[in-house]
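Observations on chain architecture
Here are the chains, one letter per residue:
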Amino acid sequence: MLDSIGASFALDAEVSRSLRENESFEGFNKVFASRAADFILTAYPLSVVAVVHLTDHKELAVYGWKATEAALSALIIAVIVKKATLRARPHTGEPYDFWEGGNSFPSGHAAISWAMAAYSAKHFSDKKWVRWIAYPLAGLITFARVTSGHHFISDAVTGSMIGFSIGRFLVK
């Protein structure tokens, strides 16, 4: 995992800029990097819990709470690392160095989406179709964070690795 994070820094300057300046991603960004997408990412695990309590489905209740735990754990770790690294966001035009007063590294959206995807795939391991939906969706959200100019590629890769690790290995 660390080698993937390290390699992603080589893509931050030219490739990240090329992706965020590519106008063909405008429609894609309106869907996956929008306020509505932010709301869905935030509300999903808690809405599962709410629906489950109305239907009294115990297995889904456990899933909803554990998905929430994965998302919150990813968010907490991402915020701590953001506060420690202070990396400027690419769309601000600031240098992409660390300790410049920003909050770009790592991507919290990537961390949260991959934590929920990894936990969902683990929880529903007997249902192979879950991973075929969860992982690509997390990938689309992560990619949109780069193409919309909110993050550098290394921010997105690091957030993804943090989230995947939490969802797969930490949440029991």
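Our subject is the structure that appears above.
In this text the structure is predicted, and so the values were computed from the model without any measurement.

Next up on the list: the packing of aromatic side chains. Applying the stated criterion to the full structure yields 13 aromatic pairs. Note on Tyr63 and Phe124: the rings are 4.8 Å apart at their centroids and 55° apart in plane angle, and the pair reads as tilted. Of the two residues, Tyr63 sits in helix H5 (residues 58-85) while Phe124 sits in the loop between helix H6 (108-123) and helix H7 (128-147), which places them 61 residues apart along the sequence. A relative accessible area of 3% places Tyr63 in the buried class. Clustering of aromatic rings is evident, with ring pairs tying together Phe9, Phe98, Trp99 and Phe105.

This part takes up the pattern of salt bridges. Oppositely charged side chains can pair when the atoms bearing their charge come close. Throughout the structure, instances matching the rule amount to seven salt bridges. Residues Arg17 and Glu14 are paired through a salt bridge, measuring 2.5 Å at the closest nitrogen-oxygen approach. Taken together, the residues span about one helical turn, with Arg17 and Glu14 both in helix H2 (residues 14-21) at a distance of three residues. Given a relative accessible area of 53%, Glu14 falls into the exposed group. Lys66 is the partner of Glu69 in a salt bridge, and the nearest nitrogen-oxygen pair spans 3.4 Å. Within this pair, Glu69 and its partner Lys66 are both found in helix H5, separated by three residues, close to a single helical turn. With a relative accessible area of 34%, Glu69 lands in the partly exposed category. Through salt bridges with shared partners, a single ionic network connects Asp12, Arg87 and Asp155.

Right, let's talk about the side chain of Asn29 for a bit. In this structure, Asn29 sits in helix H3 (residues 26-32). You can call Asn29 buried: its relative accessible area is 15%. A polar side-chain atom of Asn29 sits 2.5 Å from a polar atom in the side chain of Thr147. If we skip the residues at most four places from it in the chain, Asn29 touches Ser34, Ala144, Thr147 and Ser148.

As a further point, take the nonpolar core. Among the nonpolar cores identified, the biggest contains 21 residues, and Tyr63, Ala70, Ala74, Ile112, Tyr119 and Ile166 are the most heavily contacted of them. Among the secondary structure elements, those contributing two or more residues to this core are helix H4 (35-55), H5, H6, H7 and helix H8 (153-170). Considering every element that reaches this core, the biggest residue donor is H5, with seven residues. For Ala70, the residues in contact, after removing those within four places along its chain, are Ala115, Tyr119, Ile166 and Val171.

Right, let's get into the side chain of Ser160. The residue Ser160 is located in helix H8 in this model. The contacts of Ser160, once residues within four sequence positions are left out, are Ala110, Ala111, Trp114 and Thr142.

Within the secondary structure, Ala7 sits in helix H1 (residues 2-8). Assessed through its relative accessible area of 47%, Ala7 is described here as partly exposed. Between the C-alpha atom of Ala7 and that of Val157, which follows or precedes it by 150 residues, the distance is 9.6 Å.

Conventions and cut-offs
- Residues numbered from 1 in each chain as written.
- Predicted model: local features only at pLDDT ≥ 70, side-chain atom pairs only at ≥ 80, totals over all residues.
- Heavy atoms only, no water.
- Phe/Tyr/Trp six-rings, centres within 6.5 Å; stacked < 30°, edge-to-face > 60°.
- Helix = DSSP H or I, 4+ residues; strand = E, 2+ residues; numbered from the N terminus.
- Buried < 20%, exposed > 50% of the residue type's maximum accessible area, 1.4 Å probe, protein only.
- Salt bridge = Lys/Arg side-chain N within 4 Å of Asp/Glu carboxyl O.
- Polar contact = N/O pair within 3.5 Å; in protein donor to acceptor, adjacent residues only side chain to side chain.
- Contact = heavy atoms within 4.5 Å.
- Core = buried A, V, L, I, M, F, W, Y, C linked by side-chain atoms within 4.5 Å.

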